[in-house]
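Listed here are the chains, written in short residue letters.
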Amino acid sequence: MTLVAFALVLWGFGWWLNTRLAEGPRSGTRAIRLAIPLIFGATILVVWELVVRGLEVPLVILPAPSLIAARVAGSLPILWADFVQTFVKGALSGYLIGCGAAFLMAVAVDRSEFLRLGLLPVGNFVAALPIVGTAPILVMWFGFDWQSKAAVVVVMVFFPMLVNTVAGLRETTAMQRDLMETYAASYWQSFFKLRLPAAMPFIFNGLKISTTLALIGAIVAEFFGSPTLGMGFRISTSVGQLALDMVWAEIVVAALAGTLFYGLVALIEHHVTFWHPSQRR
Amino acid sequence: MNGTGQQPELSSVVSAKGLDLTFQTNDGPVHALKDVNLEINKGDFVSFIGPSGCGKTTFLRCIAALETPTGGSLTVNGMTPDEARRKRAYGYVFQAAGLYPWRTIAKNIKLPLEIMGYSRQEQDERVRNVLELVDLAGFGGKFPWQLSGGMQQRASIARALAFDADILLMDEPFGALDEIVRDHLNEQLLALWARTGKTIGFVTHSIPEAVYLSTRIVVMSPRPGRITDVIESPLPKERPLDIRDSAEFIEVAHRVREGLRAGHADE
Amino acid sequence: MRQMLAVLTVVATLIGLWYLACIPMNMQGVLVEAERAGAEVSPPDAAVRREMGGVSLALRNGFAVPATWAQERPRLPAPHQVAVELWDTTVMKKITSKRSLVYHGWVTLSATLLGFGIGTVLGVLLAVGIVHSRVMDMSVMPWAIVSQTIPIIALAPMIIVVLYSVGVQGIIPKAVISAYLSFFPVVVGMVKGLRSPDAMQLDLLRTYSASKGETFWKLRLPASMPYLFASLKIGIAASLVGAIVGELPTGAVSGLGARLLAGSYYGQTVQIWSALFGAAILAACLVGLLGLIEKTVLKRMGMA
Ligand SMILES: Nc1ncnc2c1ncn2[C@@H]1O[C@H](COP(=O)(O)OP(=O)(O)OP(=O)(O)O)[C@@H](O)[C@H]1O
Ligand SMILES: [Mg+2]
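Residues numbered from 1 in each chain as written. Chains lettered and ligands numbered in written order. Predicted model: local features only at pLDDT ≥ 70, side-chain atom pairs only at ≥ 80, totals over all residues. Heavy atoms only, no water.

Considerations on the interface of chain B and chain A
You'll often see interface size given as the accessible area lost when the parts meet. Contact residues are listed per partner, giving 24 residues for chain B and 18 residues for chain A. It is B:Tyr100, B:Trp102 and B:Ile115 that lose the most area in chain B upon contact with chain A, and together they represent 32% of the buried surface on that side. Joining chain B to chain A, the criterion identifies two salt bridges. A salt bridge links B:Glu114 to A:Lys193, with the nearest nitrogen and oxygen atoms 2.7 Å apart. Between chain B and chain A we count seven residue pairs in polar contact (both at pLDDT 80 or more) in total. When residues of the side of chain B that touches chain A are traced back to their parent elements, those giving at least two are helix H2 (81–86), strand E5 (90–93) and helix H3 (105–115) of chain B. Take the side of chain B that touches chain A: its biggest share by element is four residues, from H3(B). (Contact = heavy atoms within 4.5 Å. Buried area = accessible area lost by both parts, 1.4 Å probe. Salt bridge = Lys/Arg side-chain N within 4 Å of Asp/Glu carboxyl O. Polar contact = N/O pair within 3.5 Å; in protein donor to acceptor, adjacent residues only side chain to side chain. Helix = DSSP H or I, 4+ residues; strand = E, 2+ residues; numbered from the N terminus.)

Quick look at the interface of chain A and chain C
Residue-level contacts link 53 residues of chain A with 54 residues of chain C. Of the roughly 4,500 Å² buried where chain A meets chain C, counting both sides, 83% is carbon and sulfur surface. Linking chain A with chain C are zero salt bridges. If you look at where chain A meets chain C, you find five residue pairs in polar contact (both at pLDDT 80 or more). Elements with a contribution of two residues or more to the side of chain A that touches chain C: helix H1 (2–23), helix H2 (30–54), helix H5 (113–127), helix H6 (135–142), helix H9 (187–222), helix H10 (231–240) and helix H11 (244–272) of chain A. Among the residues making up the side of chain A that touches chain C, the classes are represented as 39 nonpolar, 11 polar and three charged. (Nonpolar A, V, L, I, M, F, W, Y, C, P; charged D, E, K, R; others polar.)

Observations regarding the site of ligand 1
Residue and element names in this part refer to chain B. Taken together, 13 residues lie near ligand 1, and Ser52, Lys56, Thr57, Thr58 and His205 sit nearest. Contact distances for ligand 1 include 2.8 Å between an oxygen atom and a backbone N or O atom of Gly53. Within the backbone of Cys54, one N or O atom sits 3.2 Å away from an oxygen atom of ligand 1. Within the complex, the protein chains bury 64% of what would otherwise be the 640 Å² of accessible surface of ligand 1. Of all the secondary-structure elements, those providing two or more residues to the shell around ligand 1 are strand E1 (12–25), strand E2 (28–41) and helix H1 (56–63). Among the elements that take part in the shell around ligand 1, H1 stands out by supplying three residues, more than any other. When its residues are assigned to classes, the shell around ligand 1 shows four nonpolar, seven polar and two charged. (Near = heavy atom within 4 Å. Areas by Shrake-Rupley, 256 points an atom, 1.4 Å probe, with all protein chains shown as cover.)

Dropping the structure here:
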């Protein structure tokens, strides 16, 4: 009980500290902006730890963070193998194929006003559908290994990427197009010099949305069948064995992978679309 | 489109005969240009002036083949506007600078040169020259958003000058600038025109600007857009800024104002 | 009108491609059946056939093409087969029947809606807190944004099992998953929306010396509506996915996810496809409904 009381006190202290920082004179600085969420996150972790110990919450309901950390440290080879199987082989290859195919398709569609008119609503419609549901079918077609996961990812990222790219390639002002016209620029000249650069913010928006979708697709597809490794496989079997520390360890890996993947794409975006108002400062 | 009675000594660059343009909009047709007749000769500096919506921009766009007339005939250098466009006859300066934000100023100016297939070396040389011309030497590496509005507008003029178009079409290029910068650019534009002998079509809302710059001033009036008066300027080709205080200048400005009033009274 | 025509053309093309794809996909199976039924198949050796592609087989066995659209358990069912199955399992079955897709759809839908409702309410409340409290903004908002980049759906199996072990089962665990999947998009979208009024509009209310509450009700909340609806559409789609995935790990017997799983166990491809289309139709209806509500609400507020 004392641990729980201590947790409450600590929570109060963390909040008080953050309030002081947030309303303090230097709250706008980078350091404080970074410190506050970190303090908040750390407080949650410590409170979690204390409450789990204080109330003696059983492992099968909620393992303490320290236990999860120990599990991560102790199972690095397994986690790495799962990561390679699910992220590198499944998610990443599917992401590259799916986004690449969607991009080429968008370029093709862009040439025809009629196609664009027809495909955009259909694409928007499909992008809102629960596409992970295709996983059992694709597992049946492509087998249990990573190829089927990559296929699910391809299907999942294709439409958001297509819709964004098609929309982006339209994102030029009449004046910019007229300028190209007065130079009598050819289709591909105005594509590479005007429409493609102008579309970059949209393309990256699609690429960013797709990072998360890729990871979701690869993990969920493994729930429908996989070889005896992979993040989704590990999660579903560990849940069955009530080894929740392992489940959490995989979730930590998934969270890290997702954030880093997204961060990497956002970083590239920052370098490519430095000129866009949203990226300047 | 033959038999365009050209005078032998003055070669006609733009020739409009009975030009008509009607936009089909959702709430009925808009008659933007009606029976427009105009000859622009080589080396002319023609200003277009008139109330908002009288079709100045539309006429300029017709010349540059950005708009297709619905009636009448229009030739540029004896060709259709579209053929002239393919021969890269136009430098067009839009009302806003319209620089590409992802390119530096120098790269923006290179844009038409890349499209028209100039060599690397030639590109660099031309960029250097036109940057000098518009007083932007040293700003080539900057991005458009790092420049003031006036500097951006000058860069867009430099972009139109970088290649050898014989016709320069400018749609209110100095509309957004302050008086001082505007005077300065007006002077430079005149110098450039004198040096290159380009044919210039220039849209403005400012009477003094039109009078100061032009050899001819075309007064237009709206609904439907048409030409109501064409005033030949008696001013000499050499024009210092203080010519604007001369009696001749004030006389021409007065005629332009009268022409504008008359157009208004018609409504 | 032109748009309509374009959409119809695209859809018709897709269906046509689908029929075409059925031929090579199902050819192997069809030929095996045809051989068993005594038909002349080329090449006659099954082992040789297995090495061949579906297209070349189809070219050599033209007679078998129609059969590829009528198999019992095809690798890829033809569109009309899925349509017939959908019709049979919705309109032709009693709603209470275990084989009715309407029944399974309702099981999933109820969990989706419950979870979506909870997630939305909590999300809006947190967004209001974030907009009005600097500490909350600076502590929580970065994590809410980061949460969008991680596949939190991976938590689903664990939530089901943990709740099961403490005696909670049925609709609640699925609703919990749906709730947290719709929660974060709503928070992020709503914060953006509540912050969308520009400084001039806020200053205007300040000159009236309006209170925080009045500013909220008269300016921030109405201004946030377009953003709210945009994120609600994302949220409900995520909720539905959550409810479906929530049906996978326990081997649930009812719900669209259960139909998918059962179909994949028993190789009932037509069943999988019809469950998939059932889910798609459900998602489309939910998003469409939200779009309709959005339109009327915005119209009544004079924003659309
Ligand atoms: N693309 C278009 N579609 C329909 N109507 C148009 C279009 N472009 C111009 N118009 C109409 O044609 C008329 C002339 O327009 P234009 O832009 O040439 O005027 P302007 O003289 O340049 O005016 P301003 O001085 O304001 O720039 C206006 O009535 C305008 O509404
Ligand atoms: Mg204009």
